[in-house]
Amino acid sequence: MDGRQVTQGLGWFSLGLGLMEVLVPQRISSLLGLGNRQAVVRIFGVREIVSGLGILTQPRPAAWVQSRVAGDIMDLALLSTALAKGNPRRGSAAMAAAAVLGVTALDLLCSEDLSRGGAVDRGFHVRKSIIIDRPPEDIYRFWHNFGALPRIMSHLESIHEFAPNRSHWVAKGPAGTRLEWDAEITEDRPNQLIAWRSLEGADVDNAGSVRFERAAGGRGTLVRVELDYRPPAGALGATVAKLFGENPEKQIAVDLHRLKQLIETGEIARTEGQPAGRAQGTSKKYDEFVRT
Amino acid sequence: MKATCWFGKNDVRVEQVPDPEILNPRDAIVRITSTAICGSDLHLYDGFIPTLDKGDILGHEFMGEVVDVGKGVNNLKVGDRVVVPFPIACGNCFFCKKELYSLCENSNPNAAMAEQLWGHSPAGIFGYSHLVGGYAGGQAEYAQVPFADVGPIKIENGFTDEQVLFLSDVFPTAYMAAENCNIQPGDTVAIWGCGPIGQLTIKCAYLLGAERVIAIDRVPERLRMAREQGGADTIDYTAVDSVIDMLREETGGRGPDACIDAVGMEAHGHGIQYAYDRVKQAAMLETDRPIVLREAILACRNGGTVSVPGVYGGFLDKIPFGAVMNKALTIKTGQTHVQRYLRPLLERIRNGEIDPSFIVTHRLPLDAAPEGYEIFKHKQDDCIKVVLKP
Ligand SMILES: NC(=O)c1ccc[n+]([C@@H]2O[C@H](COP(=O)([O-])OP(=O)(O)OC[C@H]3O[C@@H](n4cnc5c(N)ncnc54)[C@H](O)[C@@H]3O)[C@@H](O)[C@H]2O)c1
Ligand SMILES: [Zn+2]
Ligand SMILES: [Zn+2]
C-alpha cells in the first residue's frame, strides 16, 4: 500500500466513524461506557466527517491528515476518562483506545510523509497527459518553438534560443524575483519526442520531456509531459516552491489545458479583464490559476 | 454599465461596473435587450452552488444586439440581433464536434478546479460560479460573449424578444429533457416541477409524441398552467399521501414510461425524509436534497428512463440505486447542449408549433433584479418567469 492509498483509507475511516458518531451517538457512548456524552460524541463525529471529506477531496491532504492527528488526541483524552476505574465497560474503552492509538500512529506517519512530499526538500516529479485534436506534427512544431511556450506556461516569463539546441529560460518568482537557467535539448525525435535539461549553474536544476503519440481512432495526439525540478536548499528553494505553488500538478494541468485551447481554438479562454462588481474581473479566491 | 451582482446568500444588487471589452479574437460584445432569471440562478441565490465570489455578475439567459466583434468573428456584424446560448463552446474540440456543447473541453479556464470535484470539467457557463469558468453573466446592460462565431444565433425581425429569448436556455433544456426520454407512441411521462422548465417540458413531451403527461408540483397557479396551457394531468404532492402510489394507480401498476426531474437540488417535501435532507444539507453533510430524484427512480416503470434536467452539484444521499439496477433504468442528464437545438427549435417557433413566451409573468427593469429574485424565489404574485429589460 503506498502513502496515497493509506491516506485514502484514513479518509474513508474518518467518514465512516464520523457518520456513526453523528447518527448513533448514544450507541457509541454506551458501547464505550462514556455515559451521557452523546453531544460530545456528535461534535467529534462532525469533526471526523470534515477531516474525512478534506482528506478525500482536497488537493493537499497533508493538512487534513494533521487535523486527524489532532482529532486522535481529542479521542484519546475522552477515552482516558472512560478508562477510569469503576467504568463497567473499561474493557471496550481500552480496546477503543488501543485502536485509536494505532490509527494515530498511522496518521502521524502519513502526515509526515505527505508534508515531506512538498517541493522544498525533495523537488518534485510531475506527469500529465492530454489529448489534442491535431496531428502530432502540428503539436511537435508548436512545442519545438520554445519561445512560444511562456504563452501557455504562466510561471515562465521568457525562453530565448541563443544557439542551436540551447536556450535561456526566465521564470517569474514571487514579489518580482526571477529564476534563470540555460537548458539544452537532450533528445529530439521529430513528431515524437523532445527532451531537455538545465545546464550547470542553474537557479533550479530541472529536466523535462514531452512525447507525442498518435491517439487511437483518429482522435489526434496524446501528449505526455514529464517534469522534474530539484530546487536548491535554503531561501532559493523556498522561492522555487512558491513559484510552483502548493500544487505543481494542478499548475501543469492548467498549462496543458491552455496548450490544447490555443492549438484547437486559436485562443486561450480568459476572464481576466472582464467586468465584475469588485476591483478586479477575476476572483482572488477561485481564479488563482487564470490571473497572470 | 449596470449589472446584477451576487454578494451572498439572498443578496444580489445592481451595481455600476466597467463595460466589457473584446478580450479574444473570437469574442463579441452584445448590448442586452432582454434577460431572464432562471431556476438555476435560484440555486446561486440560495447559496447552494459553491465557488461564487462577491461581485460576480449573474445571468445566463440573454439576447440583444451585437455592438462589437473581434477579428476572428466572420459570421456576425455590428447591429445583428442574437440569442446567446448559456454554455460557452468552442466548436473545435472532441465534444463540440459530437454536438455535446455543454461538455466543451476548451471553454472553462478553471477546468482544473472542476476536475478535482467532478473528475472532469464541463463547459464554461455565463454567470454560474467559478467552477464553470467564473465568466461575467448577462443580467446586465452588456456582455462579452466568447466563441461568438459558434454560439449566438441570428434572429430576423418578425419575432418579439420573448418569443425567442428562451432559446438561450429553458426551451432547449425542456426539449432535451423530453428527447432524452426516447418517447414512444402510447407513453405516459411524469414530470416533477411546474416551473418554467416543467411547463415547457410538458409541451415538448407532447410535441415528441407522448400520449399522456402527468405533472407534479404544489403551487396552485403552476399546476393550473400545466393543465390549461400544457394539457397535463396534475398531482398536488402536498395533497396526496404518496406521489409514487398515485402514479402507480394512474398507470395500472406499471409506472410511467419516463420520469423527468425538473426540480433539482432544492426539492421540497414533507415528513421525516424532508427533515433528514434539510438537516444534512444545512450541516453540509450532503450538498443536495434529492427528494424528487429518489421518487422518480422508484416510480419509473421497468426498463424506463429517468431524465434529469434539474441541477445537482455534489454528493447525494440514499439514492435507491438498487432500483436503478434491478429495474434496468436508463438515466439521462446534463447541462443542455443548447447550440445543438437553436436552429430546429427556432424553426418550430416560426412554424407556430410552440410559442414559449406563455411562461412570462413578470417584466421588470434591470434595476429591479433584486425584487425579481425575491418574487421568483417565493413564487409571489403568481410568478412563473421573470424577464428583465436593461
Ligand atoms: N440542465 C440544464 O441545462 C438546466 C437549465 C435550466 C434550468 N435547469 C434546472 O431545472 C430546474 C428547474 O428550473 P425552473 O426554472 O423550472 O425552477 P423553479 O424553481 O421555478 O421550479 C421548480 C419547481 O419545482 C417545484 N417542486 C419543489 N419540490 C417539489 C417536489 N418535491 N415535487 C414536485 N415539484 C416540486 C417547485 O414548487 C417549483 O415550482 C432547476 O434545478 C434548474 O437549475 C437545468
Ligand atoms: Zn438556466
Ligand atoms: Zn469545444
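Residues numbered from 1 in each chain as written. Chains lettered and ligands numbered in written order. Predicted model: local features only at pLDDT ≥ 70, side-chain atom pairs only at ≥ 80, totals over all residues. Heavy atoms only, no water.

**Focus on the packing of helix H5 (residues 170-179) of chain B against helix H6 (residues 196-207) of chain B**
Residues and elements named next belong to chain B. At a closest axis distance of 8 Å, the pairing of H5 and H6 adopts a crossing angle of 50 degrees. On the basis of the axis angle, H5 is oblique to H6. Seen along the crossing, H5 lies across H6 with a hand that is right-handed. Across from Val 170, Phe 171, Thr 173, Ala 174, Tyr 175, Ala 177 and Ala 178 in H5, the residues of H6 making contact are Ile 197, Leu 200, Thr 201, Cys 204 and Ala 205. Broken down by class, the residue content of the contact of H5 with H6 amounts to 10 nonpolar, two polar and no charged. (Axes fitted to C-alpha atoms, helices over the stretch in contact; angles between N-to-C directions. Helix = DSSP H or I, 4+ residues; strand = E, 2+ residues; numbered from the N terminus. Parallel < 35°, antiparallel > 145°, perpendicular 65-115°, else oblique. Left-handed = near helix turned anticlockwise from the far one by under 90°. Contact = heavy atoms within 4.5 Å. Nonpolar A, V, L, I, M, F, W, Y, C, P; charged D, E, K, R; others polar.)

**Concerning the packing of aromatic side chains**
Residue and element names in this part refer to chain A. One pass over the structure, following the stated rule, counts 10 aromatic pairs over all chains. Taking the centre distance of 6.3 Å and the plane angle of 35 degrees together, the rings of Trp 143 and Trp 196 count as tilted. Of this pair, Trp 143 sits in helix H7 (residues 136-144) while Trp 196 sits in strand S5 (residues 193-198), and the two are 53 residues apart along the sequence. Residue Trp 143 shares its accessibility class with Trp 196, and that shared class is buried. (Phe/Tyr/Trp six-rings, centres within 6.5 Å; stacked < 30°, edge-to-face > 60°. Buried < 20%, exposed > 50% of the residue type's maximum accessible area, 1.4 Å probe, protein only.)

**Section: the nonpolar core**
The tendency in soluble globular proteins is for nonpolar side chains to be buried side by side. In this structure, Ile155(B), Val164(B), Phe166(B), Leu167(B), Phe171(B) and Leu200(B) are the most contacted members of the largest nonpolar core, which totals 75 residues. Both of domain 1 (2-169 + 336-389) and domain 2 (171-333) of chain B provide at least three residues apiece to this core. (Core = buried A, V, L, I, M, F, W, Y, C linked by side-chain atoms within 4.5 Å. Domains from an automatic or database assignment.)

**A look at the coordination of the zinc ion (ligand 2)**
Residue and element names in this part refer to chain B. The zinc ion (ligand 2) binds to the protein through Cys 38 (SG), His 60 (NE2) and Asp 169 (OD), with metal-donor distances spanning 1.8 to 2.3 Å. When the donor residues of the zinc ion (ligand 2) are listed from N- to C-terminus, their spacing reads C-x21-H-x108-D. With a gap of 131 residues between them, Cys 38 in the loop between strand S3 (28-37) and helix H1 (39-45) and Asp 169 in the loop between helix H4 (161-164) and H5 connect regions that are remote in the sequence. (Donors = N, O, S within 2.8 Å, 3.2 Å for Na, K, Ca; no water.)

**Concerning the confidence of the model for chain A**
Residues and elements named next belong to chain A. In this model, chain A carries an average pLDDT of 78, and 64% of its residues clear a pLDDT of 70 or more. Of all secondary-structure elements in chain A, the lowest mean pLDDT belongs to helix H6 (residues 119-122), at 46, while S5 reaches the highest, 97. Contacts from residues 115-121, a stretch scored under 50 in pLDDT, to residues over four places away or in other chains number 10 contacts. (pLDDT = per-residue confidence, 0-100.)

**Observations regarding the layout of surface pockets**
By rolling a water-sized probe across the atoms, one finds the places where empty space is left. Residues and elements named next belong to chain B. Taken as a whole, the second largest pocket spans an internal volume of roughly 740 Å³. Lining the second largest pocket are 31 residues, with Trp 118, Tyr 312, Gly 313, Thr 333 and Gly 334 sitting closest to its centre. Those elements that place two or more of their residues in the lining of the second largest pocket are helix H3 (111-118), helix H10 (291-299) and strand S16 (330-333). Split by residue class, the lining of the second largest pocket holds 22 nonpolar, nine polar and no charged. Domain assignment of the residues forming the lining of the second largest pocket places at least three in each of domain 1 (2-169 + 336-389) and domain 2 (171-333). (1 Å grid on protein atoms, 1.4 Å probe; cavity = no way out; pocket = protein on both sides within 12 Å on 5 of 7 lines; lining within 4 Å. Points joined across faces, edges and corners; volume = space filled by probe spheres on them.)

**Notes on the coordination of the zinc ion (ligand 3)**
The protein atoms donating to the zinc ion (ligand 3) are Cys90(B) (SG), Cys93(B) (SG), Cys96(B) (SG) and Cys104(B) (SG), with metal-donor distances spanning 2.3 to 2.4 Å. Angles of 100 to 116 degrees at the metal separate the four donor atoms of the zinc ion (ligand 3), which places the site in the tetrahedral class. (Tetrahedral: all angles 85-135°; square planar, octahedral: opposite > 155°, others 65-115°.)

**Focus: the domain arrangement of chain B**
Interface size is commonly expressed as the accessible area that is lost once the parts come together. All names here are of chain B. Each assigned domain of chain B is listed with its residue range as follows: domain 1 (2-169 + 336-389) and domain 2 (171-333). Placing a centre on the C-alpha atoms of domain 1 and another on those of domain 2 gives a separation of 25 Å. Every contact between the two is made by 32 residues of domain 1 and, on the other side, 26 residues of domain 2. When the buried surface of domain 1 facing domain 2 is broken down by residue, Phe 48, Phe 358 and Ile 384 rank first, second and third, together holding 24% of it. Put simply, domain 1 and domain 2 have one salt bridge between them. One salt bridge in this structure joins Arg 340 and Glu 179, with 3.7 Å as the shortest N-O distance. Viewed at the interface, domain 2 and domain 1 are joined by nine residue pairs in polar contact (both at pLDDT 80 or more). Sorting the residues of the side of domain 1 that touches domain 2 by element identifies H1, H3 and helix H12 (338-350) as the ones contributing at least two each. Looking at the side of domain 1 that touches domain 2 element by element, the count peaks at six residues for H12. Per-class residue counts for the side of domain 1 that touches domain 2 are 20 nonpolar, four polar and eight charged. (Buried area = accessible area lost by both parts, 1.4 Å probe. Salt bridge = Lys/Arg side-chain N within 4 Å of Asp/Glu carboxyl O. Polar contact = N/O pair within 3.5 Å; in protein donor to acceptor, adjacent residues only side chain to side chain.)

**Focus on the sheet that holds strand S13 (residues 233-236) of chain B**
Residue and element names in this part refer to chain B. Pairing is parallel across the open sheet formed by six strands, whose spatial order is S13-S12-S11-S14-S15-S16. Strands with a single pairing partner mark the edges of an open sheet, and in this sheet they are S13 and S16. Along the sheet, successive strands turn relative to each other by an average axial angle of 20 degrees, direction set aside. Where strand S11 (residues 188-192) lies against strand S14 (residues 258-261), four bridges are found, and the strand directions are parallel. If you follow Ala 190 over to S14, its bridge partner there is Cys 259. (Pairing = 2+ DSSP bridges.)

**Thoughts on the pairing of strand S6 (residues 205-214) of chain A**
All names here are of chain A. Here S5 runs beside S6; their pairing, made up of five bridges, is antiparallel. Of the residues in S6, the one forming a bridge with Ile 194 is Val 210. Once S5 ends, the chain turns through six residues before running back antiparallel as S6, passing Gly 201 with a positive phi of about 85 degrees. From the end of S6 to the start of strand S7 (residues 221-230), which pair antiparallel, there are six residues, and Gly 217 there has a positive phi angle of about 70 degrees.

**Quick word on the site of ligand 1**
Residue and element names in this part refer to chain B. The full set close to ligand 1 counts 33 residues, and Ser 40, His 43, Asp 217, Arg 222 and His 268 are the nearest of them. At 2.6 Å from an oxygen atom of ligand 1 is found a side-chain nitrogen or oxygen belonging to Asp 217. Between ligand 1 and Gly 334, the relevant distance is 3.1 Å, taken from a nitrogen atom to a main-chain nitrogen or oxygen of the residue. For ligand 1, whose accessible area on its own is 870 Å², the fraction buried by protein is 96%. Secondary-structure elements contributing two or more residues to the shell around ligand 1 are H1, H6 and strand S12 (212-217). Per element, the largest residue contribution to the shell around ligand 1 is four residues, and it comes from H1. Of the residues belonging to the shell around ligand 1, the class tally is 16 nonpolar, 12 polar and five charged. Each of domain 1 (2-169 + 336-389) and domain 2 (171-333) contributes no fewer than three residues to the shell around ligand 1. (Near = heavy atom within 4 Å. Areas by Shrake-Rupley, 256 points an atom, 1.4 Å probe, with all protein chains shown as cover.)

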